[in-house]
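Close look at the chain arrangement
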Amino acid sequence: MLATGVLASLAGCTGQGTSSSSMVAPAPNAASANAPDAANGKSAAAAVPDGQVAAAERKLVRTATLSLTAPDVAAAVGKARQVVTGLGGYTGAENSSPGSATLTLAVPAGKLDTALTQLSAVGTVTSRLENTQDVTEQSVDVASRLATQRASVARMRDLLAKATSVGDIASIEGELTSREADLESLQNRSDALAGSVAMSTVTLSFSAVVPPPPPVPQNAGGFAGGLSDGWHAFGVFASGAFKVLGALAPFLVLLGGPLGVGYWWLRRRRRAAELS
């Protein structure tokens, strides 16, 4: 009978999530002891209606993106690290290349504004973007589910302690393992939310300062300006002419000799014809 009651209770728990009504028969004392926990878990979600959470109690995840230019990127990166460390934060991912660098920084949420002000002084700000996400409802929901799951695991452990047959023990252990895995997943999610709220992420980008183009010289006006332009044009023409002559010189050397000999022969033959 005990094995049948335990298996029935397990089926009821699986079908109803965290409901404890089907587990009362095998462990009335444990169910009655844990019933307030389940009630507290439900009341935790109902205690914070949507839109009625005080501003000081809201859970906010703040992030920022900051882009700067600096004459020396490597030195600027070092200063940024010092700023974050001095505020109790740390440097995460970093990607550097000649003339640019991108860092992911984490700073305490309460010091984000101070961090942005000090980081902006490291170089010249080209863009600044801040984002705030309200995760109050997610935090409340996860906390409620976490409390309920803890009560569920505690009930399963109580059932395991009272089980007498091998079949009951095997069934309860399998269900307990599943619920402990769900509890661990919820705990990890709760820790991740808490970490996102406590520490703000800043994506910081540096790029080297691009030197301005050289100034375009202004041409002088009047006669002096015209003379300068004409002399410049003559220089360009002469340079082009010399280039053309240089390109033709090899052909003139190779072809000039045969052409000269041919011209001399024709001229001599013509004179001989005139004399005869």
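Criteria and cut-off values
- Residues numbered from 1 in each chain as written.
- Predicted model: local features only at pLDDT ≥ 70, side-chain atom pairs only at ≥ 80, totals over all residues.
- Heavy atoms only, no water.
- Helix = DSSP H or I, 4+ residues; strand = E, 2+ residues; numbered from the N terminus.
- Buried < 20%, exposed > 50% of the residue type's maximum accessible area, 1.4 Å probe, protein only.
- Contact = heavy atoms within 4.5 Å.
- Pairing = 2+ DSSP bridges.
- Axes fitted to C-alpha atoms, helices over the stretch in contact; angles between N-to-C directions.
- pLDDT = per-residue confidence, 0-100.
- Core = buried A, V, L, I, M, F, W, Y, C linked by side-chain atoms within 4.5 Å.
- Salt bridge = Lys/Arg side-chain N within 4 Å of Asp/Glu carboxyl O.

1. Here's the deal with the overall build of the protein chain
Summing up its helical and strand segments, the protein chain has 7 helices and 5 strands in all. Written out in order from the N terminus, the α and β elements of the protein chain read α-α-β-α-β-β-α-β-α-α-β-α. Burial status across the protein chain gives 26% buried among its 276 residues. Put simply, of all contacts in the protein chain between residues at least 6 apart along the chain, 79% involve residues at least 24 apart.

2. Some points on the sheet that holds strand S2 (residues 90-97)
Taken in spatial order, the 5 strands line up as S2-S3-S5-S1-S4 in an open sheet, and their pairing is mixed. With one partner strand each, in any of the chains shown, S2 and strand S4 (124-134) form the two edges of the open sheet. Neighbour-to-neighbour, the strand axes of this sheet turn through a mean angle of 10°, independent of strand direction. Pairing geometry for strand S1 (residues 60-70) and strand S5 (residues 199-208), over 8 bridges, is parallel. From the neighbouring strand, Ala-64 faces S5, where its bridge partner is Val-202. Most of the contacts of helix H6 (residues 166-198) go to S5, to which it runs at about 55°, and overall it touches S1, strand S3 (100-108) and S5.

3. Observations concerning the pairing of S1
The pairing of S1 with S4 spans 10 bridges and is antiparallel. Paired with Leu-66 across the bridge in S4 is Arg-128.

4. Here we look at the confidence of the model for the protein chain
Across the protein chain, the average pLDDT comes to 78, with 75% of residues at 70 or higher. Low pLDDT, under 50, characterises residues 1-48; the predicted model gives this stretch 53 contacts beyond four residues in sequence or across chains.

5. Looking at the nonpolar core
A general tendency of soluble globular proteins is for nonpolar side chains to be buried together. Membership of the largest hydrophobic core comes to 23 residues, with the highest contact counts inside it found for Leu-105, Leu-119, Val-202, Leu-204 and Phe-206. Residue assignment for this core shows that the elements contributing at least two residues are S1, helix H3 (73-86), S3, helix H4 (112-120) and S5. Top contributing element to this core by residue count: H3, with 6 residues. The contact partners of Leu-119, leaving out residues within four places of it in the chain, are Leu-66, Leu-68, Ala-80, Val-83, Leu-105, Val-202 and Leu-204. If you look at the next biggest cluster of nonpolar residues, it comprises 9 residues, including Met-156, Ile-172, Leu-183 and Leu-186.

6. Topic: the pattern of salt bridges
Close approach of charged atoms allows side chains of opposite charge to pair. Tallied over the entire structure, the rule returns 9 salt bridges. Across the salt bridge formed by Asp-134 and Arg-58, the nearest N and O atoms sit 2.6 Å from each other. You can see Asp-134 sitting in strand S4 and its partner Arg-58 sitting in the loop between helix H2 (28-46) and S1, a full 76 residues away along the chain. You can call Arg-58 partly exposed: its relative accessible area is 25%. Of the charged contacts, one joins Arg-128 and Glu-130 as a salt bridge, the two residues approaching to 3.0 Å between their closest N and O atoms.

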